[in-house]
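Overview (structure and organization)
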Amino acid sequence: SQTVISSVFKKDMNTLLEHCCEPGSTSVKDDDIRKLIFGDYGSATGAKVYSEIQDLDTLQETVTGYLEEYNQMSKTPMTFVPFRYAIEHVSKVARVLLQPNGHALLAGIGGSGRSS
């Protein structure tokens, strides 16, 4: 993957993603790459621009705001705590659904999630 990034972006992966690394680190690790979140809901101005979201605290507030808005309109409110891992998945699903004819099949581990 490092060679592909180098050939496409003409930069070393560690240089390209250095803003994701922990302070003092010289190389990108898997956990650093998990910090890369893209979406069109991270703008403070409200503009729908698909870009990298670097402030995870603001993103968590935004997702919480969307959840509160949903709960006000829905007959069956969702009790959901938007933690980092959940926000990553919501961002991935949102990216898929934004695509023309975007579809996703979500599969979870047995015994986890909602049961009815």
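None of the values given here were measured: they were computed from a predicted structure.

1. Here's the deal with the overall build of the chain
- Broken down by element type, the chain carries five helices and two strands.
- Listed N to C, the secondary structure of the chain is α-α-α-β-β-α-α in terms of helices and strands.
- Scored against the burial criterion, the 116 residues of the chain give a buried share of 19%.
- Here the chain displays about 9,100 Å² of accessible surface, and carbon together with sulfur accounts for 57% of that area.

2. Brief notes about the nonpolar core
- Residues Ile 37, Tyr 41, Ile 53, Leu 59, Val 63 and Ile 87 constitute the largest nonpolar core, which totals six residues.
- Grouped together as the second largest cluster of nonpolar side chains are five residues, Ile 5, Met 13, Cys 21 and Val 28 included.

3. Examining the environment of Tyr 70
- Along the chain, Tyr 70 turns up in helix α4 (residues 56–73).
- We classify Tyr 70 as partly exposed; its relative accessible area is 38%.
- Setting aside residues up to four positions removed in sequence, Tyr 70 forms contacts with Thr 76 and Met 78.

4. Some words on the confidence of the model for the chain
- For the chain, the mean per-residue pLDDT works out to 82, and 89% of the residues sit at or above 70.
- Confidence, expressed as mean pLDDT per element, reaches its minimum in the chain at helix α2 (residues 13–16) with 78 and its maximum at α4 with 90.

5. Here's the deal with the side chain of Ser 91
- Note on placement: Ser 91 falls in helix α5 (residues 84–98).
- For Ser 91, the residues in contact, after removing those within four places along its chain, are Ile 37, Phe 38 and Tyr 41.

6. Some thoughts on the pattern of salt bridges
- Counted by the stated rule, this structure contains one salt bridge.
- Residues Glu 88 and Arg 84 are paired through a salt bridge, measuring 3.1 Å at the closest nitrogen-oxygen approach. With Glu 88 and Arg 84 both in helix α5 and four residues apart, this pair spans about one turn of that helix.
- Taking relative accessible area as the criterion, Glu 88 reaches 6% and is therefore assigned buried.

7. A closer look at the packing of aromatic side chains
- According to the stated counting rule, one finds one aromatic pair in the structure shown.
- Taken together, a centroid distance of 6.2 Å and an interplanar angle of 20° make the contact between Phe 38 and Tyr 50 stacked. In this pair, Phe 38 is assigned in strand β1 (residues 37–39) and Tyr 50 in the loop between β1 and β2 (51–53), connecting sequence segments 12 residues apart.

8. Considerations on the environment of Arg 84
- On the basis of relative accessibility, which here comes to 33%, the residue Arg 84 falls in the partly exposed class.
- Arg 84 sits 28 residues away from Leu 56 along the chain, and the two C-alpha atoms are 8.0 Å apart.

9. Side note on unusual backbone geometry
- The phi dihedral of Asn 101 falls on the positive side, at around 55°, and the residue is not glycine.
- Within the secondary structure, Asn 101 sits in the segment after α5.
- Using a relative accessible area of 70% as the deciding quantity, one classes Asn 101 as exposed.

Rules behind the numbers
- Residues numbered from 1 in each chain as written.
- Predicted model: local features only at pLDDT ≥ 70, side-chain atom pairs only at ≥ 80, totals over all residues.
- Heavy atoms only, no water.
- Helix = DSSP H or I, 4+ residues; strand = E, 2+ residues; numbered from the N terminus.
- Buried < 20%, exposed > 50% of the residue type's maximum accessible area, 1.4 Å probe, protein only.
- Areas by Shrake-Rupley, 256 points an atom, 1.4 Å probe, with all protein chains shown as cover.
- Core = buried A, V, L, I, M, F, W, Y, C linked by side-chain atoms within 4.5 Å.
- Contact = heavy atoms within 4.5 Å.
- pLDDT = per-residue confidence, 0-100.
- Salt bridge = Lys/Arg side-chain N within 4 Å of Asp/Glu carboxyl O.
- Phe/Tyr/Trp six-rings, centres within 6.5 Å; stacked < 30°, edge-to-face > 60°.

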